[in-house]
There are 4 protein chains.
Amino acid sequence: MLIPGLVLKQMYTLGSLENVEDGVRFSLKNRLSNATLTRLSEVRIDGKPVPLDRLTLELNGDRIAASGVSPTSAIAFPLAKVVSVHARGDQLEKGQHEIAIAFETTPFGSLSFKVKDAIAEKVKRTSVPHDKENDHTPEMVRARQDFVAEYTGHKLQHVDKFSFDPATTKGNIENFTGVAQIPIGFAGPIKVNGEHAVGEFIVPLATTEGTLVASYNRGIKVLNLSGGVTCTVVGDSMQRAPVFVFDNARDARDFVKWVDENLGKIREEAEATSSIAKLTYIDRYLSNKLVFLRFNYTTGDAAGQNMVGRATFAACSWILENQDKIRHFYLESNFATDKKSSQINVMRTRGKRVTAEATIPRDVLIQNMRVDPETLNYHAGIANVGAFMSGANNNGCHSPNGITAMFIATGQDVANVSESSAGIVYTEVTPEKDLYISITIPSLIVATYGGGTGLATQRECLELLDCYGKGKVYKLAEIIAGVVLAGEISLASAISSLDWVSSHEQYGRNR
Amino acid sequence: MLIPGLVLKQMYTLGSLENVEDGVRFSLKNRLSNATLTRLSEVRIDGKPVPLDRLTLELNGDRIAASGVSPTSAIAFPLAKVVSVHARGDQLEKGQHEIAIAFETTPFGSLSFKVKDAIAEKVKRTSVPHDKENDHTPEMVRARQDFVAEYTGHKLQHVDKFSFDPATTKGNIENFTGVAQIPIGFAGPIKVNGEHAVGEFIVPLATTEGTLVASYNRGIKVLNLSGGVTCTVVGDSMQRAPVFVFDNARDARDFVKWVDENLGKIREEAEATSSIAKLTYIDRYLSNKLVFLRFNYTTGDAAGQNMVGRATFAACSWILENQDKIRHFYLESNFATDKKSSQINVMRTRGKRVTAEATIPRDVLIQNMRVDPETLNYHAGIANVGAFMSGANNNGCHSPNGITAMFIATGQDVANVSESSAGIVYTEVTPEKDLYISITIPSLIVATYGGGTGLATQRECLELLDCYGKGKVYKLAEIIAGVVLAGEISLASAISSLDWVSSHEQYGRNR
Amino acid sequence: MLIPGLVLKQMYTLGSLENVEDGVRFSLKNRLSNATLTRLSEVRIDGKPVPLDRLTLELNGDRIAASGVSPTSAIAFPLAKVVSVHARGDQLEKGQHEIAIAFETTPFGSLSFKVKDAIAEKVKRTSVPHDKENDHTPEMVRARQDFVAEYTGHKLQHVDKFSFDPATTKGNIENFTGVAQIPIGFAGPIKVNGEHAVGEFIVPLATTEGTLVASYNRGIKVLNLSGGVTCTVVGDSMQRAPVFVFDNARDARDFVKWVDENLGKIREEAEATSSIAKLTYIDRYLSNKLVFLRFNYTTGDAAGQNMVGRATFAACSWILENQDKIRHFYLESNFATDKKSSQINVMRTRGKRVTAEATIPRDVLIQNMRVDPETLNYHAGIANVGAFMSGANNNGCHSPNGITAMFIATGQDVANVSESSAGIVYTEVTPEKDLYISITIPSLIVATYGGGTGLATQRECLELLDCYGKGKVYKLAEIIAGVVLAGEISLASAISSLDWVSSHEQYGRNR
Amino acid sequence: MLIPGLVLKQMYTLGSLENVEDGVRFSLKNRLSNATLTRLSEVRIDGKPVPLDRLTLELNGDRIAASGVSPTSAIAFPLAKVVSVHARGDQLEKGQHEIAIAFETTPFGSLSFKVKDAIAEKVKRTSVPHDKENDHTPEMVRARQDFVAEYTGHKLQHVDKFSFDPATTKGNIENFTGVAQIPIGFAGPIKVNGEHAVGEFIVPLATTEGTLVASYNRGIKVLNLSGGVTCTVVGDSMQRAPVFVFDNARDARDFVKWVDENLGKIREEAEATSSIAKLTYIDRYLSNKLVFLRFNYTTGDAAGQNMVGRATFAACSWILENQDKIRHFYLESNFATDKKSSQINVMRTRGKRVTAEATIPRDVLIQNMRVDPETLNYHAGIANVGAFMSGANNNGCHSPNGITAMFIATGQDVANVSESSAGIVYTEVTPEKDLYISITIPSLIVATYGGGTGLATQRECLELLDCYGKGKVYKLAEIIAGVVLAGEISLASAISSLDWVSSHEQYGRNR
């Protein structure tokens, strides 16, 4: 089974040409799929063959003579791994050279490539100290702190104060040097009537914006006086959206049919990469000669962006091997839409889709927020026009305030505030003249496991909510949604009662 | 000069009715404009007049007999202040009661209101310890830490570790209890060719997402090898967008003309509230019988949301006093669009509009990122279709990653990632076959003064960049934009060369 | 099986209260589902019972004594029919009165309603002559022409000239009085390489905009010189999107699950209303306590909006009968999105999704359009930024021009230009330096049967294209798409070569 | 004053190389600005100079020996004109050749260009008969009708019936062959309380969609019973949006400042092209190294797209002559946004921004539409959520139906339904429990002069409304808006009362 040429070219990379002491070195990277290397047939540099006995392969630190690789003495060449090819002999002159290589693999047969590459000039750059093998030691952290002090002339006095072992940040950050200390204030307790979060919770809000904690607290009081906030997760989906380019729209359309027919196998390949990710469905969007496939997964208690990246890559590798009309393929296409606010997220969910709702008795609203349900509802109608005309992704007041504060406190990927900023607020005056108010957050990306959730203060905050670890992610989503609704009630009341500027005045601002 | 009734009703609030030991108390809040109270004419409860000699007024802790207030013995009643009215006599039964009050003011003459309010039941709620007067003392912080431990059964071990005096958080947070410790890794140095940032900077990135620092660092290397990144602030605007409701579209349209004619006075009122905020222009959006005015300001080195709120409120107070066709007024309308991604922000700027650009020599791109300019540019063309169809606010890769990491490190309002997530990437292959790549961030909300910028680690990070304080905000905007472009180059290269999943694999993820 | 009260209230309407010669009349309309009326139990006016022997029912022109209706002498009461209830006795005074009615039906059992209605004042209004029974006769047409002349003082001289029997307009228009004569110019022949349209077609374009026909003709010439235009229908879907309101989000979410489980039955009910409409899938969008179901159908050669309206209503009637948690229901919700440009249409198709594409040899483009592929492609890249920032639904040049001209000529519902205005243009310079250009029209709503397609000139134009009647709709979609691409090439070339204003000059404009 | 090279290349076009009987001919087109040709210095073909005495110039039918052109015998070479250069001698072989030309002009000095062009093969194509000089004669019309009959095998029987002189279509259509006959039904009279339209109007609706006229008539009845509809034009703007490309964002930003400083001169150049177009303001949008200038004009009673195209071209010509940092320039950029629905049009107006509004007394609504204000308003709230989530450009029901029907009847550019489909509906239940309902159409593009308005039936329909000619365009806009609101009331009532499908049923549909 041979891979079509155009795609194949992307599947292995040849490069990193450099002079070494006794000759030349370059590398070959496998981007396709696990393979076994059964023979190195030929290497040419600038058209001139290099004798096999001058070639050595390096993989995972092992060095193997090229002539020693054969079908009976094959070496594993897994996906994403790099083989370094070392050609003893003369060094090359500065500038461009052509490298060609031919080799045999199982199961992909004979393959050959050619590439122009330049001998890289080694430039001595100043850079932040980094140890490829062992970067999270106290010594390396200290070395970087010293470097920062020297480079900037400012000795660190606060950034270098943290309460945990730097080794615990491995996998969460490179060049770890210290911490940002973000103030946490607690709001609540808030009474949540969720399916997963049931009871009262005190809520850690990490923020530097005065009045935020107080404002959420006011809303929480109202919710509690109304019997608590009802929260429901109504959707759950994490995506990766590769794009496939064809010769024409007809091939593109037929490809989509083929995907439908092979969905079982595609799912199998995708799900083989993880015990957790489940492929729920694949949305397809056709335009011109392009097919955007939006793979939708559930990802357990992880946010799952990386998990679904791996799964989708595996599925696409299988697709690429079994389809010969694909002309280009990219794993991302801006249809995911990772780290972006988008209409598709509002419509079709990214992360958790969660709704918080409450009916606020008329008297509770008036006595606590100085506004009646009709006035608040009237303003909401006008604000809808404003959101519609301005092209906003949120017709509410400030849901990202609460979301961001909880994201920072609980170790979420805070950049996902991009997606999570969307919100749909809906209000009604009930027949009893009370206020029904709710918000749906259509793309709340949260985790209780993996990512930053295991770090020291982050895990601690999750544990205070009894939200750390497996089986807790819906609970956390419900609590966040409940807190968000509290903030909506608070600010919507303030705006519609005109209390808003003065509440800022009262608490003062730090300037 | 009398204010029309409908508006007036919003301008003073009557409420907070409660039984006290020797009678009843309620409050009157001035939401209109500074005034002087020259007489309390009458108070009725449930229609029954309360003799004047039983009434006492409380303002700012002073107690004054109602009968003592007269034109010659007037009391100041400033905007946003509350007068408590204390009526000695019987307590009221639980439930609703009608309070009516009539009084005289300068310059607004005789005013009277009536409201139904209920005697609030005092409910004993558990709540986070809070001291209205003195909340940021070590003792109160400790009290809250103890409360959290008791309430949740988890004793804090990390959140309670911080390196600064809690008093410094006053104005930045309520109920301060501890900190989130967010790991900081340094990237760079990055060479920035700005108008304000000129030179090389090491960049603090606060994140919990593995590969982020490494990815930005790769892009920085490419930028440096290309002579650095050129950064330019091309726009600067902070908004507040009140809405005015009229009887009909004709009055609404005529109001806009009136605003034009009175722009000088409106600007004067707005700018009187601050030595910094300058009103640049007022955009107007008419729909139905509504007028949305979008006040645009420059705000110096502050982000300025509160500053422009105060300025706009003052301007609107003057408008309300001088216009008699306004039927409703709200200071916010979802046209600002604060904490929201929106088309209007992309088009018309919110915060700083800043562009970073570079021309990457072909060889630099190929040798470092394993992709040629044509391939990266081709993918960008396809990703544009993806962004267009999915309704995304960003046709780039992941600008919010860098923005968020720098926002957390430098004390920005991180919830503004909502707006700041927008980005417009544009690429070209130049006639010389190099890659021109640029990103415009149309709504980057940053400050180097005020807000969270003065906190311990935050200020320290700003100082490392020489970006703390006055006259530095454009410099910071330029540095952030440069870093963002580095990240775009890095991820765009990875995607278009298919390197992307594997880079995640290589650095490993924390699960 | 009883229908829940809240819905029920919408399901029957009581009203049209009027005084008649010998008493009072009002009507009862069945909006629920076919029923049989088995007894009229009671009628009260202003609380006072009306003796049964004074009541007569009128249905379809038949008059039946109320006392004559019984289980053994039941009368059919189909959906959408009105029963007039005639109560002999006194007339009512002007103003509001309360009518109450109780009756029994199969299968819905005992039902009773109460409503306040006012005696309508009969106002004599001037109106365009109309005959409810026989409105499309030459006499009625003449009567209206006379009325127009008299009312406006302008005798018709052109509008009254048409070449067909007015009776043929029945079902297409009410108050038919004459015609708009829209000039038709022919372009082409255009060579189409479709799956359904194969060969060369001359194209009727109905327009009043000078240069339009000439511009399309220029593009057609280029396409023909490039071997013709390849057209492919890649999607087909017509929607109706009802909304269901629940008590809360949890009920809403559970309802969606229930819909999934009952999809077979729902499909059966929907498809029973038509031999043509096929329900392909139901998209669901949850927000707050609302569920928007977007029913997707294929509708043969009809545009199908009415067909899918009926089918969806039938399906929803069944849903309403079998679900007791629905609190409100509306057949439309702005999620269809009929007669609206929308992101959902761009993404998920409305009508036909059709792509036209061609590779224009470099020389053909340069010689005919005076622009090279690189320049046109470069401008397309810039125009993409323009479309992205301005929030346009079309990144191309002027696809609605050709679409509208063909819609008018061929009897389409021209108001659907709203949806059909969307377009996604994608260009590439091929490795051979030719121009690949394509457009996808994601929501092209066309018919070759039903609607206006059978009218005189409209049918004639369809027949010239061999596109009238059954089995032709994809062919027509392909031809339109091909023509649209011709226009894109023509105007894109003109803009990118700067020829654009001058082409308007040359052909002159009619002023 | 010399124009920069890059722009210059676009400013003249060399091409149309062809063999003629006695040699070769090619053409030179002036796309820059009016000039005078003072000398033809040199012509080379394939590098070989052509003796001057073999060269003849043709301009506007005049033939001038090349040697006869000199500073004292100069010839005018206006913008958009073509000079044919005729070189006597040998013919050229098929394939590519290089032509070079050098010449002198006032005021642009010496200019020279080189281009590769191919001898075009003359291909005999079948095409619709066309006479460049005299195309709108009865004979040419007949010739085309015959051609259509022969080409398709269908003799025209209806399309060829029209009531006017074909010469009147000159400037409105090319290849005029006949007409589409679109049925017109009259609705009304509708009572309009405009500033320009005052009184009652019967309304011509050209449509093929059954129930449309009846539905609008129902709404008109309700409006009339409510005292008529109040209509107000609140904005008026027609745009052209050129784009300028610079080397970098800094030059782009500085250019905008320069434009501000030179606004007076730019306005002068723009307004010199027309006695009607007035430049109101220039909006500027910066992204990357691009500047989009959106020129806003008023255009009297014309729709004005061509008028503003000419004016903007003139202004940009002046800009290009006086700015040396512009690297590319295109007159269109997708920021206009012509023939496109867009957020910018909704926000900032295109054509007329017009609002229609009415307060419908409760009884009128209930008695005529069988729905109460609360129910209709409730549905509007839900439909707002639908429009917001689906990304629709219109939160109303079906405004494009009425707009399209009136556009066809009155000779508007129907393709502008693309823009005109946008609408913002706002409803309220008043304190008196009546219904306030209004719609703002933010981009209604209408004319009462120019374009198709002077054609036979089109002008007649305008005259029936007393809307033909100068000073009438606001009147027409008001009437259209009033009709549109009637349709909104009608369909909104039907949907919210569930009457909607049945109204389609009752009038029947034509299949």
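1. Description of the overall build of chain A
If you tally the helices and strands in chain A, you get 14 helices and 20 strands. Along the first, second and third principal axes, the C-alpha atoms of chain A reach 90 × 60 × 40 Å. Sorting the 511 residues of chain A into buried and exposed places 66% on the buried side. A total of about 16600 Å² of accessible surface is found on chain A, and carbon and sulfur atoms cover 47% of it. One finds the centroid of the 54 positive side-chain charges in chain A at a distance of 3 Å from the centroid of its 57 negative side-chain charges.

2. Looking at the confidence of the model for chain A
Residues and elements named next belong to chain A. Of the residues in chain A, 93% reach a pLDDT of 70 or more, and the chain-wide mean stands at 90. In this model, residues 1–10 is a region of pLDDT below 50 whose contacts with residues beyond four sequence positions or in other chains number 24 contacts. Counting interchain partners and residues more than four positions distant, the pLDDT-below-50 stretch residues 499–511 has 42 contacts. ipTM for the predicted complex: 0.87, alongside a pTM of 0.88.

3. A closer look at the environment of Tyr474 of chain D
Residues and elements named next belong to chain D. Position of Tyr474 relative to the elements: it lies in helix α13 (residues 473–497). Judged by relative accessible area, which is 27%, Tyr474 ranks as partly exposed. Here the alpha-carbon distance between Tyr474 and Gly300, two residues 174 residues apart in the chain, equals 9.5 Å. Setting aside chain neighbours within four positions, we find Tyr474 in contact with His196, Val233, Asp236 and Lys352.

4. What about the packing of helix α3 (residues 212–225) of chain C against helix α13 (residues 473–497) of chain C?
Residue and element names in this part refer to chain C. Relative to each other, α3 and α13 sit at 100°, their axes nearing to 7 Å. In this view, α3 runs roughly perpendicular relative to α13, as classed from their interaxial angle. Contacts between α3 and α13 involve Ser215, Tyr216, Arg218, Gly219, Ile220, Val222 and Leu223 on the former and, on the latter, Gly482, Val483, Val484, Leu485, Ala486, Gly487, Ile489 and Ser490.

5. Notes on the relation of the copies chain A and chain B
These two copies of the chain differ by a rotation about an axis and a displacement along the same axis. Superposing chain A onto chain B takes a rotation of 180° combined with a translation of 0.0 Å along the rotation axis, leaving an RMSD of 0.2 Å. Both copies of the chain, as the preceding transformation shows, are related through a two-fold rotation axis. Interface residue correspondence from chain A to chain B reaches 100%, placing this contact among same-surface, isologous pairings.

6. Here's the deal with the interface of chain A and chain B
Interfaces are frequently sized by the accessible area removed from exposure as the parts join. Counting from both sides, the interface comprises 164 residues of chain A and, opposite them, 164 residues of chain B. Taken together, the two surfaces of chain A and chain B that pack against each other cover about 12900 Å², and 59% of this comes from carbon and sulfur. Taken together, chain A and chain B are joined by 63 residue pairs in polar contact (both at pLDDT 80 or more). Broken down by element, the side of chain A that touches chain B gets its largest block of residues, 14 residues, from strand β11 (residues 176–193) of chain A. Its residues assigned to classes, the side of chain A that touches chain B comprises 72 nonpolar, 66 polar and 26 charged. Taken together, the 9 bridges between β11 of chain A and strand β11 (residues 176–193) of chain B define a ladder with antiparallel strand orientation. Within β11 of chain B, the position partnered with Ala180 of chain A by the bridge is Ile182 of chain B.

7. Comments concerning the interface of chain D and chain B
Each partner contributes to the interface: chain D provides 34 residues, whereas chain B provides 34 residues. Summed over both partners, the interface of chain D with chain B comes to about 2800 Å²; 51% of that surface belongs to carbon and sulfur atoms. Of all residues in chain D, the largest losses of buried area upon contact with chain B belong to Arg250, Asn288 and Met347 of chain D, amounting jointly to 24% of the total for that side. For the interface between chain D and chain B, the tally reads 8 salt bridges. The closest approach of N and O atoms between Lys289 of chain D and Glu428 of chain B, which form a salt bridge, is 3.3 Å. Applying the counting criterion to the chain D and chain B interface returns 26 residue pairs in polar contact (both at pLDDT 80 or more). Considering each element in turn, the side of chain D that touches chain B owes the most residues, 5 residues, to strand β13 (residues 229–240) of chain D.

8. Digging into the pairing of strand β9 (residues 95–106) of chain A
Residues and elements named next belong to chain A. Judged from the 8 bridges that link them, strand β3 (residues 35–45) and β9 form a sheet pairing that is antiparallel. Each residue of the ladder has a partner; that of Ile45, found in β9, is Ile99. The sheet contact formed by β9 and strand β10 (residues 109–119) spans 11 bridges and is antiparallel. Directly across from His97, in β10, lies its bridge partner Asp117.

9. Some remarks on the relation of the copies chain D and chain B
Superposing chain D onto chain B requires a rotation of 180° together with a translation of 0.0 Å along the rotation axis, leaving an RMSD of 0.2 Å. Interface overlap between copies is the fraction of interface residues in one copy that are interface residues in the other; for chain D against chain B it reaches 100%, indicating a shared surface.

10. As for helix α9 (residues 373–390) of chain A
Residue and element names in this part refer to chain A. Look at α9: 25 Å from first C-alpha to last across 18 residues, which is about the 26 Å you get at 1.5 Å a residue. Counting buried residues in α9 gives 14 out of 18 residues, a clear majority hidden from the surface. Gly391, located one to two residues past α9, shows a positive phi value of around 70°.

11. Looking at the environment of Thr169 of chain A
Tracing the chain through its elements places Thr169 of chain A in the loop between α2 (138–152) and β11. We classify Thr169 of chain A as buried; its relative accessible area is 0%. When the C-alpha positions of Thr169 of chain A and His136 of chain A are compared, they lie 7.3 Å apart, and in sequence the two are 33 residues distant. Each residue touching Thr169 of chain A, except ones within four places of it in the same chain, is listed here: His136, Phe164, Phe176 and Leu455 of chain A together with Pro183 of chain B. Within the structure, Thr169 of chain A has its side chain in polar contact with the backbone oxygen of Pro166 of chain A (distance 2.8 Å).

12. Overview of the pattern of salt bridges
Oppositely charged side chains can pair when the atoms bearing their charge come close. Tallied over the entire structure, the rule returns 116 salt bridges over all chains. The shortest N-O distance in the salt bridge between Glu18 of chain A and Arg25 of chain A comes to 3.5 Å. Note that Arg240 of chain C and Glu332 of chain C form a salt bridge whose closest N and O atoms lie 3.0 Å from each other. With Arg240 of chain C in strand β13 (residues 229–240) and Glu332 of chain C in the loop between β17 (328–330) and α7 (343–348), the pair connects residues that are 92 residues apart, well separated along the chain. One salt-bridge network, held together by shared partners, links Glu195 of chain A together with Arg250, Arg253, Asp254 and Lys257 of chain C.

13. So, the packing of aromatic side chains
All names here are of chain C. Taken as a whole, this structure holds 52 aromatic pairs over all chains when the rule is applied. Both rings, one in Phe255 and one in Trp258, keep their centres 6.1 Å apart while their planes meet at 15°; by these two values the pair is stacked. One end of the pair is Phe255 and the other is Trp258, both in helix α4 (residues 249–261) and 3 residues apart, which spans about a single turn. Phe255 sits in the buried class, given a relative accessible area of 2%. The class for Trp258 is buried, based on a relative accessible area of 17%.

14. With respect to unusual backbone geometry
Backbone torsion omega between Gly188 of chain A and Pro189 of chain A reads 5°, so that peptide bond is classified as cis. Locating Pro189 of chain A in the fold gives a position in strand β11. Of note in the backbone geometry, Thr211 of chain A takes a positive phi value of approximately 80° without being a glycine. For Thr211 of chain A, the position within the fold is in the loop between β12 (198–206) and α3 (212–225). A residue is classified by how much of its surface remains accessible, and Thr211 of chain A, at 9% relative accessible area, is buried. At Arg370 of chain C, a position not held by glycine, the phi torsion is positive, near 60°.

15. Focus on the environment of Lys132 of chain A
Residues and elements named next belong to chain A. Mapped onto the fold, Lys132 is located in the loop between β10 and α2. We classify Lys132 as exposed; its relative accessible area is 78%. For the pair Lys132 and Gly109, spaced 23 residues apart in sequence, the C-alpha separation works out to 35 Å.

16. Regarding the packing of helix α10 (residues 399–410) of chain B against helix α12 (residues 456–464) of chain B
All names here are of chain B. Two numbers describe how α10 lies on α12: the axes approach to 7 Å, and their chain directions differ by 115°. Along its contact with α10, which presents Ile408, Ala409 and Thr410, the element α12 presents Thr457, Gln458, Cys461 and Leu462. Taken together, the residues that form the contact of α10 with α12 break down as 4 nonpolar, 3 polar and no charged.

17. Observations regarding the state of the cysteines
Within this structure, the stated rule accounts for 0 disulfides over all chains. Summary of cysteine pairing: Cys316 of chain B is not part of a disulfide, and the nearest cysteine sulfur, belonging to Cys397 of chain A, is at 17 Å.

18. Quick notes on the pairing of strand β19 (residues 424–429) of chain A
Residue and element names in this part refer to chain A. In terms of burial, β19 is a largely internal element, 5 of the 6 residues being buried. Inspection of the sheet shows β19 paired to strand β20 (residues 435–444) by 6 bridges, in the antiparallel sense. The residue of β20 that forms the bridge with Tyr426 is Ser438. Where β19 hands over to β20, the hairpin turn is made up of 5 residues, of which Lys433 adopts a positive phi near 70°.

Cut-offs and rules
- Every chain is numbered independently, its residues counted from 1 as its sequence is written.
- As a convention, the first chain written is A and the first ligand written is 1, with the rest following in written order.
- Totals for whole chains, interfaces and linings use every residue, but because this is a predicted model, local features are given only for residues with pLDDT of at least 70 and side-chain atom pairs only at 80 or more, for both listing and counting.
- Each side-chain value is derived from all of the structure's non-hydrogen atoms; neither hydrogens nor water enter the calculation.
- Numbering of helices and strands runs from the N terminus, with a helix taken as a DSSP run of H or I at least four residues long and a strand as a DSSP run of E at least two residues long.
- Residue exposure (1.4 Å probe, protein chains only): buried if accessible area is under 20% of the type maximum, exposed if over 50%, otherwise partly exposed.
- Computed with the Shrake-Rupley method and a 1.4 Å probe, the accessible areas treat only the protein chains shown as cover for residues.
- None of His or the chain ends enter the tally, which takes Lys and Arg as positive and Asp and Glu as negative.
- For this purpose, a charge sits on NZ of Lys, CZ of Arg, CG of Asp or CD of Glu.
- For every residue, the predictor reports its confidence as pLDDT, a number between 0 and 100.
- In this description, contact between two residues means that some pair of their heavy atoms is separated by no more than 4.5 Å.
- Between N-to-C directions, angles cover 0 to 180 degrees, with each direction set by a line fitted to C-alpha atoms, over the stretch in contact for helices.
- The cut-offs work like this: below 35 degrees is roughly parallel, past 145 is roughly antiparallel, 65 to 115 is roughly perpendicular, and the gaps in between are oblique.
- To line up the copies, we fit them by least squares on C-alpha atoms, keeping just the residues with pLDDT of at least 70 in both.
- Accessible surface is computed with a 1.4 Å probe, and the buried area is the amount of it that two parts give up when combined, taken over both parts together.
- In protein, a polar contact means a hydrogen-donor-capable atom and an acceptor-capable atom, both N or O and within 3.5 Å, with residues adjacent in sequence counting only if both atoms are side-chain atoms; elsewhere, any N or O pair within 3.5 Å suffices.
- Classification used: nonpolar for Ala, Val, Leu, Ile, Met, Phe, Trp, Tyr, Cys and Pro, charged for Asp, Glu, Lys and Arg, polar for all others including Gly.
- Two strands form a pair only when DSSP identifies at least two bridges running between them.
- Basic side-chain nitrogens of Lys or Arg form a salt bridge, by our definition, when they fall within 4 Å of a carboxyl oxygen of Asp or Glu.
- One less than the number of residues in a helix, times 1.5 Å, gives the span that helix is expected to have.
- Only Phe, Tyr and Trp rings are paired, with Trp represented by its six-membered ring, and only when their centres lie within 6.5 Å; those with planes under 30 degrees apart are stacked, over 60 edge-to-face, the remainder tilted.
- The term disulfide is used for any two cysteine sulfur atoms that are within 2.5 Å.

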